[in-house]
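# Notes for the structure review
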Amino acid sequence: MDASEVAACWEANAETWTRHARAGYDLYRDAQNTPAFLANLPAIAGLDGLDIGCGEGSNTRKLAEAGARMTGIDIAPTFIRHATEAEAEAPLGIAYRIADGMALPFADGSFDFATAFMSLMDMPHQDRVLAEVLRVLKPGGFLQFSILHPCFATPHRKVVRDENRKVLAIEVRDYFRSTDGEIESWRFGAAPEHEKASVAPFRVPRFHRTLSDWVNLIVATGFAIEMMHEPSIDAETARALPYLDDTLVAPLFLHMRVRKAASAI
């Protein structure tokens with residue numbers, strides 16, 4: 001699958017995705033993934049940041065609210081339209097543009113940091129994306145990203161529960177099988193049934209890589225790994241938000257922060 005096909009999938013998803021995410025149906029993002037990501041983010045006030053695969057701009061706005069001068073890019077025009085409209089309604093100084101993470105339209109050394117919230121695993125050539133991010137970062141700049149956990153969100157993943165719906169285990173298969181644009185169809189599970197029934201499921205292209213693939217790509221690009229985090233929840237949160245209880249057993253997400261050498265040209 002090439003970049004144009006990936007873009008077509010996300011453009012088809014974008015309208016429903018925006019509406020459902022803004023309605024609060026993306027519980028994994030709002031209740032776990034984004035808060036954990038931001039908790040591990042270094043101070044960014046006064047810095048120039050690039051959000052890669054920004055979608056409708058929810059997380060980009062959070063970064064701007066933390067004081068960063070943000071630019072957001074996405075390959076789906078509808079996502080950028082919604083993000084731009086939100087910026088017009090409540091300006092935070094964010095610049096949005098349609099762009100591909102594999103060919104960033106920015107000069108070398110343009111940004112102090114970059115973020116990628118759950119977008120890199122949906123791009124066909126992660127090596128090109130990482131090389132492009134390294135190029136547009138200033139010396140000493142960092143990239144922080146989140147992806148589906150390579151070990152626990154494999155091409156086959158099933159939550160195993162007992163008769164009382166308690167999570168017993170996470171069943172995974174096909175860890176070593178790279179997927180190059182394999183389409184997964186799903187909806188936000190927290191959406192009401194009438195909403196799920198009224199729209200087509202999302203069609204999401206996956207480019208699964210092993211954990212060692214990711215680490216080797218990062219090292220080969222020239223980044224130094226600075227932080228890794230596997231968000232989880234505690235038993236109390238699992239009781240309050242049972243929708244997330246599978247992450248009490250094994251992480252669904254992996255967060256990493258990697259840094260460009262201060263002496264890099």
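The paragraphs below set out a description of the structure included in this document. Model, not experiment: these values are computed from the prediction.

## Remarks on the nonpolar core
- With 36 residues, the main nonpolar core has Leu50, Ile52, Leu120, Val133, Phe145 and Phe223 as its most contacted residues.
- Broken down by secondary-structure element, the contributors of at least two residues to this core are strand S1 (48-52), strand S4 (111-117), helix H5 (126-136), strand S5 (137-148), helix H7 (211-221) and strand S11 (253-259).
- Counting residues in each nonpolar core, the second largest holds 15 residues, with Ile44, Ala68, Ala83 and Tyr96 among its members.

## A few points about the side chain of Thr115
- In this fold, Thr115 is placed in strand S4.
- A polar atom in the side chain of Thr115 sits 2.9 Å from the side chain of Asp51.

## Some thoughts on a nonpolar patch on the surface
- Together, Val219, Ile225 and Met228 line one region of the surface with nonpolar side chains, adding up to about 250 Å² of accessible area.
- With respect to the secondary-structure elements, Ile225 resides in strand S10 (residues 224-229).
- Classification of Ile225 as partly exposed rests on a relative accessible area of 35%.

## Let's talk about the sheet that holds S1
- Strand order in the open sheet formed by seven strands is S3-S2-S1-S4-S5-S11-S10, and the pairing between neighbours is mixed. Both outer strands of the open sheet, strand S3 (95-98) and S10, are each paired with one neighbouring strand and no more. The sheet shows a mean angle of 15 degrees between the axes of neighbouring strands, direction not considered.
- Of the strand pairs in this sheet, S4 and S5 are connected by six bridges, and their pairing is parallel. When the sheet's bridge partners are listed, Phe117 is paired in S5 with Ser146.
- Where helix H3 (residues 58-65) meets the sheet, it contacts S1, strand S2 (69-74), S3 and S4, and its direction lies at approximately 170 degrees from that of S2.
- In the packing of helix H4 (residues 77-89) onto the sheet, contacts are made with S2 and S3, and the angle to S3 comes to roughly 165 degrees.

Calculation criteria
Residues numbered from 1 in each chain as written. Predicted model: local features only at pLDDT ≥ 70, side-chain atom pairs only at ≥ 80, totals over all residues. Heavy atoms only, no water. Core = buried A, V, L, I, M, F, W, Y, C linked by side-chain atoms within 4.5 Å. Buried < 20%, exposed > 50% of the residue type's maximum accessible area, 1.4 Å probe, protein only. Helix = DSSP H or I, 4+ residues; strand = E, 2+ residues; numbered from the N terminus. Polar contact = N/O pair within 3.5 Å; in protein donor to acceptor, adjacent residues only side chain to side chain. Patch = residues over 30% accessible without salt bridge, like charges linked within 9 Å, V, L, I, M, F, W, Y side chains within 5 Å. Areas by Shrake-Rupley, 256 points an atom, 1.4 Å probe, with all protein chains shown as cover. Salt bridge = Lys/Arg side-chain N within 4 Å of Asp/Glu carboxyl O. Pairing = 2+ DSSP bridges. Axes fitted to C-alpha atoms, helices over the stretch in contact; angles between N-to-C directions. Contact = heavy atoms within 4.5 Å.

Purely geometric stuff here, so don't read any function into it on its own.
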